[in-house]
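Coordinate analysis (summary)
As a plain string of letters, each chain reads:
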Amino acid sequence: MIDVAIVGASGYTGLELIKILLQHPGFNITCVATSEGAPSLAGMHPALTGIIDMPVAKADADEIAQKAQLAFLALPHKASMGFAGQLLEKGIRVVDLSADYRLALETYEAHYCPHEDKAHIAEAVYGLPELYRDEIAGSRLVANPGCYPTATLLGLLPFTRYIDERFPIFIDAKSGVSGAGKKCTHNTHFVTINENIFPYNPLMHRHQPEIGEKLHLQSGKSFDINFVPHLLPLTRGEMIDTYCLLKEEIDPIAILEAYYKDAPFVRIFDRPVDIKSPSGTNFCDIYAKCVDRKLYINSAIDNILRGASSQAVVNANLMCGFEEGLGIPTIAYVP
Ligand SMILES: NC(=O)c1ccc[n+]([C@@H]2O[C@H](COP(=O)([O-])OP(=O)(O)OC[C@H]3O[C@@H](n4cnc5c(N)ncnc54)[C@H](OP(=O)(O)O)[C@@H]3O)[C@@H](O)[C@H]2O)c1
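Because the structure is predicted, anything quoted here is derived from the model rather than measured. (Residues numbered from 1 in each chain as written. Predicted model: local features only at pLDDT ≥ 70, side-chain atom pairs only at ≥ 80, totals over all residues. Heavy atoms only, no water.)

Comments concerning the site of the ligand
Neighbouring residues of the ligand: 26 residues in total, closest Ser10, Thr13, Ser35, Leu75 and Lys182. Between the ligand and Tyr12, the relevant distance is 3.1 Å, taken from an oxygen atom to a main-chain nitrogen or oxygen of the residue. One of the side-chain N or O atoms of Asn303 is found 2.9 Å from an oxygen atom in the ligand. More than half of the atoms belonging to the ligand lie within 2 Å of the grid points that define the largest pocket. (Near = heavy atom within 4 Å. Polar contact = N/O pair within 3.5 Å; in protein donor to acceptor, adjacent residues only side chain to side chain. 1 Å grid on protein atoms, 1.4 Å probe; cavity = no way out; pocket = protein on both sides within 12 Å on 5 of 7 lines; lining within 4 Å. Sits in = over half its atoms within 2 Å of the grid points.)

So this is what it looks like as structure tokens:
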């Protein structure tokens, strides 16, 4: 058994990590932490009553290093970079769910803030297992991808060699409200979002450079990415519709099936996908259609699982030499 810590245990992705790790045969939760700590984990998350309880520590790298061999950082960006560096120096492996280690330094600083852990950013491996499975297995610092980039990249990656990069790629994305974290804002207030849908940060969202950078690294091409996210009145789930122009006619389903033949957590559909079917699971569901060299790609994930916590545990499985799918949820929350 590998002892693990969850830092950011009071948040949405922190709770999902606890739920997955509780049922995992290879990981043992020995430390949960938040910014201030609390007397009881079950007091913090009533859903855990009768299942697990332990004190919640005030996040401290020394204490985590004494109790755990691997730490999941379910923290806002900027908070993670302070912590991850300290933990790595103490020999603790890290899976970071924030944006702090996902991007090249220049891209990060152009879109987020000055980076305070320049010593480690270059060694971080981008935690999309379908793209970097072998590198993740040898890493001690994995940067879990953003939720929108996960579903968008899994849809686009099989097609980059066919896309005509002289034309823009348009990405129409929609997410449930849990994607914004537990803190309530005007956009996520019940009265604003209930029975409503609206775009936010059109063409300016921080996931746009993440998608562009990873597509460039995989293909060597510089695509013109146009990304518009929308908020949906759902608790969880994400749907991506991507539109681009190809250099030639293709059979997109055959290409998807070949590209993902060894990927246990990508499901290819011959009809448009829906948000509910992958909800509660680590699956990314994908459908694609090509008409007159116009390609439409349609993908869906659970934003707090495949887009965050279950993907983080897949990465930890690979880092620790476990089978990729060990302890990973696959049964959807349906109906
Ligand atoms: N939600 C998603 O669907 C999703 C998907 C992909 C990636 N992510 C990323 O994953 C990270 C966590 O997201 P989330 O949705 O779980 O956020 P969240 O619900 O807002 O939770 C954030 C957690 O971080 C803790 N925290 C904040 N500052 C801290 C500090 N300085 N030291 C220690 N703990 C601190 C908070 O604890 P307190 O209660 O003490 O403040 C809370 O437990 C973010 O970087 C987010 O961008 C989220």
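Now that the structure has been shown, the text picks up again.
Overview of the side chain of Thr242
Along the chain, Thr242 falls in strand 11 (residues 238-245). Thr242 sits in the buried class, given a relative accessible area of 2%. Setting aside chain neighbours within four positions, we find Thr242 in contact with Thr152, Leu156, Ile169, Phe170, Ile171, Leu295, Tyr296 and Ile297. (Helix = DSSP H or I, 4+ residues; strand = E, 2+ residues; numbered from the N terminus. Buried < 20%, exposed > 50% of the residue type's maximum accessible area, 1.4 Å probe, protein only. Contact = heavy atoms within 4.5 Å.)

As for the nonpolar core
Ile6, Leu17, Leu21, Val32, Phe72, Phe159 and Leu295 are the most contacted members of the largest nonpolar core, which has 78 residues in total. No other element matches the 6 residues that helix 12 (residues 309-319) contributes to this core. Counting residues domain by domain, this core receives three or more from each of domain 1 (2-144 + 308-319) and domain 2 (148-301). Not counting chain neighbours up to four residues away, the residues in contact with Phe72 comprise Val4, Ala5, Ile6, Val7, Leu17, Leu21, Val95, Ala312, Val313 and Ala316. (Core = buried A, V, L, I, M, F, W, Y, C linked by side-chain atoms within 4.5 Å. Domains from an automatic or database assignment.)

A short note on the domain arrangement of the protein chain
Its domain assignment divides the protein chain into domain 1 (2-144 + 308-319) and domain 2 (148-301). Each of domain 1 and domain 2 has a C-alpha centre, and the two are 25 Å apart. At the junction of the two partners, domain 1 supplies 21 residues and domain 2 supplies 26 residues. Carbon and sulfur atoms make up 55% of the area that domain 1 and domain 2 hide from each other, which totals about 1900 Å². (Buried area = accessible area lost by both parts, 1.4 Å probe.)

Observations concerning the packing of helix 1 (residues 12-22) against helix 12
In contact at an axis separation of 8 Å, helix 1 and helix 12 are set at 50° when each is read in the N-to-C sense. The orientation of helix 1 with respect to helix 12, classified from their angle, is oblique. For the crossing formed where helix 1 meets helix 12, the hand is right-handed. Judged by residue contacts, Thr13, Glu16, Leu17, Ile20 and Leu21 of helix 1 engage Ser309, Ser310, Ala312 and Val313 from helix 12. (Axes fitted to C-alpha atoms, helices over the stretch in contact; angles between N-to-C directions. Parallel < 35°, antiparallel > 145°, perpendicular 65-115°, else oblique. Left-handed = near helix turned anticlockwise from the far one by under 90°.)

Some details on the pattern of salt bridges
Scanning the entire structure with this criterion turns up 20 salt bridges. Glu165 is paired through a salt bridge with Lys221; the nearest N and O atoms lie 3.8 Å apart. With Glu165 in the loop between helix 8 (147-156) and strand 8 (169-175) and Lys221 in the loop between helix 10 (207-219) and strand 10 (225-231), this pair connects stretches of sequence that are 56 residues apart. Its relative accessible area of 14% is what places Lys221 among the buried residues. Notably, a salt bridge pairs Asp302 with Arg236, separated by 2.6 Å at the nearest N-O pair. Residue Asp302 is found in the loop between strand 14 (294-301) and helix 12, and its partner Arg236 is found in the loop between strand 10 and strand 11; the two are separated by 66 residues along the sequence. Taken individually, Asp302 and Arg236 each receive the classification buried, so the pair is uniform in this respect. Taken together, the shared-partner salt bridges connect Glu16, Lys19, Arg236 and Asp302 into one network. (Salt bridge = Lys/Arg side-chain N within 4 Å of Asp/Glu carboxyl O.)

Description of the packing of aromatic side chains
In this structure the tally under the stated criterion is 7 aromatic pairs. Taking 5.2 Å as the distance between ring centres and 80° as the angle between the ring planes, the aromatic pair formed by Phe27 and Phe322 counts as edge-to-face. Of this pair, Phe27 sits in strand 2 (residues 27-34) while Phe322 sits in the segment after helix 12, placing them 295 residues apart in sequence. The exposure class of Phe27 is buried, given its relative accessible area of 2%. Residue Phe322 is classed as partly exposed on the basis of its relative accessible area of 23%. Residues Tyr243 and Tyr296 carry aromatic rings whose centres are separated by 5.5 Å and whose planes lie at 40° to one another, so their mutual orientation is tilted. Placement of the pair is Tyr243 in strand 11 and Tyr296 in strand 14, with a sequence separation of 53 residues. Under the relative-accessibility criterion, Tyr243 is labelled partly exposed at 39%. By relative accessible area, Tyr296 is classed as partly exposed at 22%. For the cation-ring pair, Lys214 lies above Tyr126, with the distance from its terminal atom to the ring centre recorded as 4.4 Å. In this structure, Arg267 is placed above the aromatic ring of Phe283, and the distance from its NZ or CZ to the ring centre is 4.1 Å. (Phe/Tyr/Trp six-rings, centres within 6.5 Å; stacked < 30°, edge-to-face > 60°. Lys NZ or Arg CZ within 6 Å of the ring centre and 35° of its normal.)

A few points about helix 8
Taking burial as the measure, the 10 residues of helix 8 include 10 buried ones, the bulk of the element. Buried within helix 8 are the following residues: Cys147, Tyr148, Pro149, Thr150, Ala151, Thr152, Leu153, Leu154, Gly155 and Leu156.

Overview of the sheet that holds strand 8
Reading across from one edge, 9-10-8-11-14-13-12 is the order of the 7 strands in this open sheet, with mixed pairing throughout. The open sheet is flanked by strand 9 (198-199) and strand 12 (266-268), the only strands paired with a single partner. Bridge analysis of strand 8 against strand 10 gives 7 bridges, and the strand direction is parallel. Residue pairing in the sheet places Asp172 in a bridge with Val228 of strand 10. Sheet strands touched by helix 10: strand 8 and strand 10. Its angle to strand 10, the strand with the most contacts, is close to 140°. (Pairing = 2+ DSSP bridges.)

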